[in-house]
Amino acid sequence: MASSHSSRGGVYLKERADSSPSRRPPIRSLPDVCPKEPTGERRVLLDGPSVVSEHDRWTVYSSKVNLPAALNDPRLAKRESDFFTKTWGLDFAETEVMPSFYLPNITRENFGPYLQEMAQRERIHERCKSICPNKDDADAVSVITSNHEKSRAELEQVPKIFMKPEFGLEDPGTFNSVLPWSHFHSAAGKSSRDVASSKLLQEKLSHYLDIVEVAIARQISLRSEAFFHAMSSQHELQDRLLDTQRAVAVLRGRTGAIDRVMCQGPLKALRTALTRNNCVKLHNKLKLMAAVHQTQPTVQLLLSTSEFVGALELISTTKEVLQQELQGIHCFRHLGSQLCELEKLIDKMMVEDFSMYARSDLNRNLSEEPLVLEKERLESLVFGLLRQRKLDFLDIYGEEMIMAAKAIVSQCVAESVLHIEDIDTEVVTKLADQMRVMTFPQWFDLLKNVFESFLLNMQRIQATLNVIRNVVQEILASNQRNRVPEEASSVEETSNIASGEAELAYLTHEGLFISDAMNQPQAPQPATVAQNESSSVGGESRTETPGTNHQPSANTESYVSSFMCSGETMMPSDVELNRVLSSLQELLFTASDVSHDRCVKALTARAKDGSLERLSSSDFVSLSRAVEGFIRDSELLCGRRSASLKGSLHTQANRFVHRFHEERKTKLSLLLDNERWKQAEVPAEFQDLVNSIADGRITLPERKIPGQEERKPAEFLLVNGQRYAVVGTVLLLIRIFLEYCQCVNDIPSIATDMLTRLSDLLKHFNSRSCQLVLGAGALQVVGLKTITTKNLALASRCLQLVVHYIPIIRTHFETKLQPKQFSVLRHFDHITKDYNDHIAEVSAKLVAIMDSLFEKVLSKYEVKAPMPSACFRNVCKQMAKMHEAISDLLPEEQTQMLFLRINSSYKLHLKRQLARLGVVNDGGPQNGLVVVDVAFYTENIQALRSLERLELNMGEIWEQKR
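For every chain, the first residue of the written sequence is number 1, and numbering continues from 1 onward in sequence order. Whole-chain, interface and lining totals are the exception, using all residues; otherwise, since this is a predicted model, local features are given only for residues with pLDDT of at least 70 and side-chain atom pairs are given and counted only at 80 or more. For the side-chain quantities, the full set of heavy atoms in the structure was used; hydrogens and water were omitted.

A. The arrangement of the overall build of the chain in detail. In this description a helix means any DSSP run of H or I spanning at least four residues, a strand means any run of E spanning at least two, and both kinds are numbered starting from the N terminus. In terms of regular secondary structure, the chain is built from 30 helices and 2 strands. Sorting the 962 residues of the chain into buried and exposed places 34% on the buried side. Long-range pairs, those at least 24 residues apart, make up 77% of the contacts in the chain between residues at least 6 apart in sequence. Reported accessibility uses the Shrake-Rupley method at a 1.4 Å probe radius. Residues are deemed covered only where the shown protein chains occlude them. Accessible surface, the chain: about 60100 Å² in total, of which carbon and sulfur atoms supply 55%. Relative accessibility thresholds used throughout: buried, under 20% of the residue-type maximum; exposed, over 50%; partly exposed, between the two (1.4 Å probe, protein chains only). Note on contacts: a residue pair qualifies if any of its non-hydrogen atoms lie within 4.5 Å across the two residues.

B. Just the packing of aromatic side chains, in detail. Two aromatic rings from Phe, Tyr or Trp, using only the six-membered ring of Trp, form a pair when their centres are within 6.5 Å; if the ring planes differ by under 30 degrees the pair is stacked, by over 60 it is edge-to-face, and anything between is tilted. Inspection of the entire model under this criterion finds 16 aromatic pairs. The interplanar angle of 45 degrees and the centroid separation of 6.4 Å between the aromatic rings of F354 and Y397 together place this pair among those described as tilted. Note that F354 is positioned in helix α11 (residues 335-363) and Y397 in helix α13 (residues 393-418), a separation of 43 residues in sequence. Classification of Y397 by relative accessible area gives buried; the value is 0%. One aromatic cluster is present, formed by F854, Y861, F872, Y906 and Y937 through successive ring pairs. Either the NZ atom of lysine or the CZ atom of arginine qualifies as a charge over a ring when it sits within 6 Å of the ring centre and within 35 degrees of the ring normal. Of note, R797 hangs over the ring of Y724, and the distance from its end group to the ring centre comes to 3.8 Å.

C. Up close: the nonpolar core. Here, nonpolar core refers to any group of buried Ala, Val, Leu, Ile, Met, Phe, Trp, Tyr and Cys residues whose side-chain atoms link them within 4.5 Å. Of all hydrophobic cores here, the largest spans 194 residues; its most connected members are I346, W443, L623 and F813. With 19 residues, helix α15 (residues 440-509) is the single largest residue contributor to this core. Ignoring anything within four residues of it in the chain, the contact list for F813 reads C741, V744, A751, M754, L755, L758, L825 and F828.

D. Geometry of helix α12 (residues 375-387). Taking 1.5 Å of rise per residue, the 13 residues of α12 would be expected to cover 18 Å, and the 18 Å separating its terminal C-alpha atoms lies within 8% of that figure. Residues of α12 that are buried: L378, E379, S380, L381, V382, F383, G384, L385, L386 and R387. The span one expects for a helix is its residue count, reduced by one, times 1.5 Å.

E. Region of the structure containing the pattern of salt bridges. Salt bridge, as used here, is a side-chain nitrogen of Lys or Arg placed within 4 Å of a carboxyl oxygen of Asp or Glu. By the definition in use, this model includes 18 salt bridges. For the salt bridge of D760 with K665, the shortest nitrogen-to-oxygen distance reads 3.2 Å. On the criterion of sequence distance, the pair formed by D760 in helix α24 (residues 751-774) and K665 in helix α21 (residues 644-674) is long-range, its members being 95 residues apart. On the basis of relative accessible area, D760 is assigned to the partly exposed category, the value being 31%. With relative accessibility at 23%, the residue K665 sits in the partly exposed group. For the salt bridge of D673 with R768, the shortest nitrogen-to-oxygen distance reads 2.7 Å. Taken as a pair, D673 in helix α21 and R768 in helix α24 lie far apart in primary sequence, 95 residues in all.

F. Here's a closer look at a nonpolar patch on the surface. Like charges within 9 Å and nonpolar side chains (Val, Leu, Ile, Met, Phe, Trp, Tyr) within 5 Å are joined into patches, using only residues over 30% in relative accessible area that form no salt bridge. Taken together, I106, F111, Y114 and L115 make up a surface patch of nonpolar side chains, about 430 Å² in accessible area. Tracing the backbone shows L115 in helix α4 (residues 112-131).

G. Local environment of the environment of A591. Its place among the elements puts A591 in helix α19 (residues 574-607). The exposure class of A591 is buried, given its relative accessible area of 2%. On a C-alpha basis, the gap between A591 and Q462 in space is 9.1 Å, while along the polypeptide they are 129 residues apart.

H. Representation of the packing of α13 against α19 within the structure. Relative to each other, α13 and α19 sit at 15 degrees, their axes nearing to 10 Å. Regarding the angle of α13 to α19, the classification is roughly parallel. Between α13 and α19 lies a crossing of right-handed hand. Where α13 approaches α19, its residues L394, Y397, G398, M401, I402, A405, K406 and V409 are matched on the opposing element by V580, S583, L584, L587, T590, A591, V594 and R598. Helix axes are fitted to C-alpha atoms over the stretch in contact, other axes to C-alpha atoms as well, and angles between N-to-C directions run from 0 to 180 degrees. If an angle is under 35 degrees, it is roughly parallel; if it is over 145, roughly antiparallel; if it lies from 65 to 115, roughly perpendicular; otherwise it is oblique. For any pair of crossing helices, the crossing counts as left-handed if the nearer helix is rotated counterclockwise from the farther one by less than a right angle, and right-handed if it is rotated clockwise.

I. Region of the structure containing the environment of L645. With respect to the helices, strands and loops of the structure, L645 is situated in helix α21. Apart from residues lying up to four places away in sequence, L645 is in contact with F451, H596, C599, V600, L603, V627, F630 and I631.

J. Fine view of the confidence of the model for the chain. Taken residue by residue, the chain gives an average pLDDT of 75. The fraction at 70 or more is 74%. Here pLDDT means the predictor's own confidence in every residue, given as a number from 0 to 100. Segment residues 497-555: pLDDT under 50, and 47 contacts once partners within four positions in sequence are set aside and those in other chains are kept. In this model residues 564-568 is a low-confidence stretch, pLDDT under 50, and it forms 9 contacts with partners more than four residues away in sequence or in other chains.

K. Region of interest: the side chain of E739. As for its position among the elements, E739 is in helix α23 (residues 728-746). Its relative accessible area of 18% is what places E739 among the buried residues.

L. Here's a closer look at the side chain of S624. For S624, the location among the structural elements is in helix α20 (residues 617-638). If near-sequence neighbours (up to four positions away) are discounted, S624 is found in contact with L649 and I747.

M. Seen up close, unusual backbone geometry. Following A865, the chain continues into P866 via a peptide bond in cis, with omega recorded as 0 degrees. Position of P866 relative to the elements: it lies in the loop between α27 (826-858) and α28 (870-886). Positive phi, close to 55 degrees, is recorded for N720, a residue that is not glycine. Assessed through its relative accessible area of 60%, N720 is described here as exposed.

N. Up close: the environment of L889. Relative to the helices and strands, L889 resides in the loop between α28 and α29 (892-917). Setting aside chain neighbours within four positions, we find L889 in contact with Q679, A725, K790, A793, L794 and R797.

O. Geometry of the packing of helix α26 (residues 789-816) against α27. Relative orientation of the contacting elements α26 and α27 amounts to 165 degrees, with a least axis distance of 10 Å. Classified by the interaxial angle, the pair formed by α26 and α27 is roughly antiparallel. Considering how the two elements wind past one another, α26 and α27 form a crossing that is left-handed. Residues T789, L792, S796, L799, Q800, V802, V803, I806, I809, R810 and F813 of α26 form the contact with α27, whose own contacting residues are F828, D829, I831, T832, Y835, N836, H838, I839, V842, K845, L846 and I849. When the residues that make up the contact of α26 with α27 are grouped by side-chain class, the tally is 14 nonpolar, 6 polar and 3 charged. Under the convention adopted here, Pro, Cys and the residues Ala, Val, Leu, Ile, Met, Phe, Trp and Tyr are nonpolar, Asp, Glu, Lys and Arg are charged, and Gly plus all remaining residues are polar.

P. The arrangement of α29 in detail. In a regular helix each residue adds 1.5 Å, so 26 residues correspond to 38 Å; α29 covers 37 Å between its end C-alpha atoms and thus fits that length. If you check which residues of α29 are buried, you get T895, L898, F899, I902, N903, S905, Y906, K907, H909, L910, Q913 and L914. The inward-facing, buried residues of α29 abut α27, α28 and α30 (925-942). Looking at the residues trailing α29, positive phi occurs at G918, about 80 degrees.

Q. Fine view of the state of the cysteines. We call a pair of cysteine sulfur atoms a disulfide when they lie within 2.5 Å. The final tally for this structure, using the stated rule, is 0 disulfides. Residue C412 stays outside any disulfide, its sulfur separated by 9.3 Å from that of C599, the closest cysteine.

Structural data, given as structure tokens:
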């Protein structure tokens, strides 16, 4: 042991000695004598030269040789002794360094305590060095190495067979290899050579033995001190074991005395108390068996009063008691299976009872109150079904809901038919046929009754589902509340067990207090409490049920608390309960969808013969508002907007719009085909209609009340201060497109369809009027003799009136469309362009009429007396007729523009005719005659209204002189 300590101490000192040079601080180089150039950055003193900045000044990095070589340069005449002093001063080399005032003087006395402390370790270390020389000693190492090699060489002389772990002379092979039989013949047969070889073998073996003994002795001599130290430790250990043995014997004797004096009596008392507790447990077990025996009669009594929740709870408690407290009792071996069958029977009974409840609730009279039928019964059934995980009971309610929805329509139709004497139910048996036989007011009242009935039905369904939702939410909340007490009770139970064990250990150790503890009243065990509760439940049910009619509790929390009191419940998990909540919401959505589907069937049954398409605008608007009101109310009630009824209404609206459009298009076509294109008088109601449009009311005016004073019709239609001469068809067209706008106001959902139809109507008016006037179709259709300029001007003015109202119609439709539907407004741009093109064509036609007249008349023009010539007189007469025909129809600006074009055409034809006749502006007689005619033309034209500034410039009609 000492050697090991010393060796470790030696190694420690050696490591310190070896590691001391490595712990020296690194050598730091002095800073450069010549400072580096500033570069704008902080750089360390030992940084290398920069390859970016220029080095104009010399630094130590610029030298090519080391500093001693520079100082000992043999080429210098004399050595520069002031190499350091010239920079750092003359006293740099000769000045002595003063000792620091902050460092004390260290003497040998300061190491005295350390030397005294390390003296013992040093002696041990020296002694270990004598036994095992230091490895740093070269001589000792050489001696040890030589001795080791010598011992190894000697041991190698011994055969390897003696060194094997499995060496044994009992093995014949090993024995023969070590001692050959040739050396052990009989004595008579021995020769002197055999004797000599036997002796030689004996000496060889003895030599081997000596080598091994010497090696063992050498190893023993090296480890003798540790060996003797281990031997002395073994003797000391044996002495301590003897002392321990004597102490154990004394302790056993004292323990036996304590057992005889203090333990046997108290332990007997504990055994007696344990026997008493076992008897109490047996008595409680028997009472529990008696209570369990009465389970089936009690369940039958509860089922007779439809108390499914109590019966299920009693069955669950009994099954739990059978599995935990009464497991293995032979007389109850069949009770578990009987209870399972009884539980299955209760499941079927609850499902049938819930189906009967749903049927009676949904099929009762809608005028009855309250909304929820037998709320306590519904809560009890829902709790029972959830208790048994019968989560598909909502499917049963959904099926009954669909059947009830079908019955609502049939019942409403039957009630309506009873009040209609014109319908014979024996002849007309089908509901659809009965609805088609009704007049529209009768059918509309029926439809409103159906809507009202479905709304009441959905209110009932919503109230019933809310009761079920409250039950599920209460169970979820109860589950969350019970998690915290369960965790706290588990922690408290663990602490109670630990405290009980500690108390028992204390009483066992202190025998004087055991009797006092046994006299204290014993708290009932959990199992006993459960048994008492079970027996009380059975007893109370058995005694109370026959005398009273057991009604389910109206308080939802009582059901939840009764479920949660049992040790193990079959209640669904939170995930399943949340799924039930989602199913409730989906069931409400389904109720809305089913109601809408049945209303769709009532709507389509009426529309099968096309009666809805033939409704008037007001009737269809009333129908549309009623349907949209039902959709809105059902959405507020159920939280979902069903698309079936909305789609059916949209389909009927499309058919109505198609019929509406076809009627008005046909009516417009008939009006155009009978239009004689003469100016019509404007009734006062049309003027009021135009005035209401100007005020921003794009609606049809109210019907004229009979008895009001009738006003005389006007000659022109006043629109924003301008007079419009119109035909009767255009007045009706204004009323027609106001009817379109009114339909869009009443039914905004058909705005896009109405816009398309209205654009088609406007295009039809434009194309048909073009065919009748410009294309002269009115000659054959109406029988006109010719298309006059007045007809053309009147048609142009009518087109201008329609163009005036197109932007107003566009703005009105834009307010009824969604932003994504604005693309359909481009139809109005196309229509406006077509109308403007048509108006331009009419103007061009008027110019063309006069142009053909000028060409015909001026072709006969001759420059001769009398003056003015007959040709110019004829032209002026035709121009006056043209002005008279259109001046009252077209505004002054358009009349001026039109006659400017006619005047330009006249100048062109006159210029050509003068050029053909060879008349030039030379001041001759012909020139004078032409001047007189032109002056006559200008005077007649300027005499017309709004043409005062129109003249024929002479310079424009002569050919330029060559």
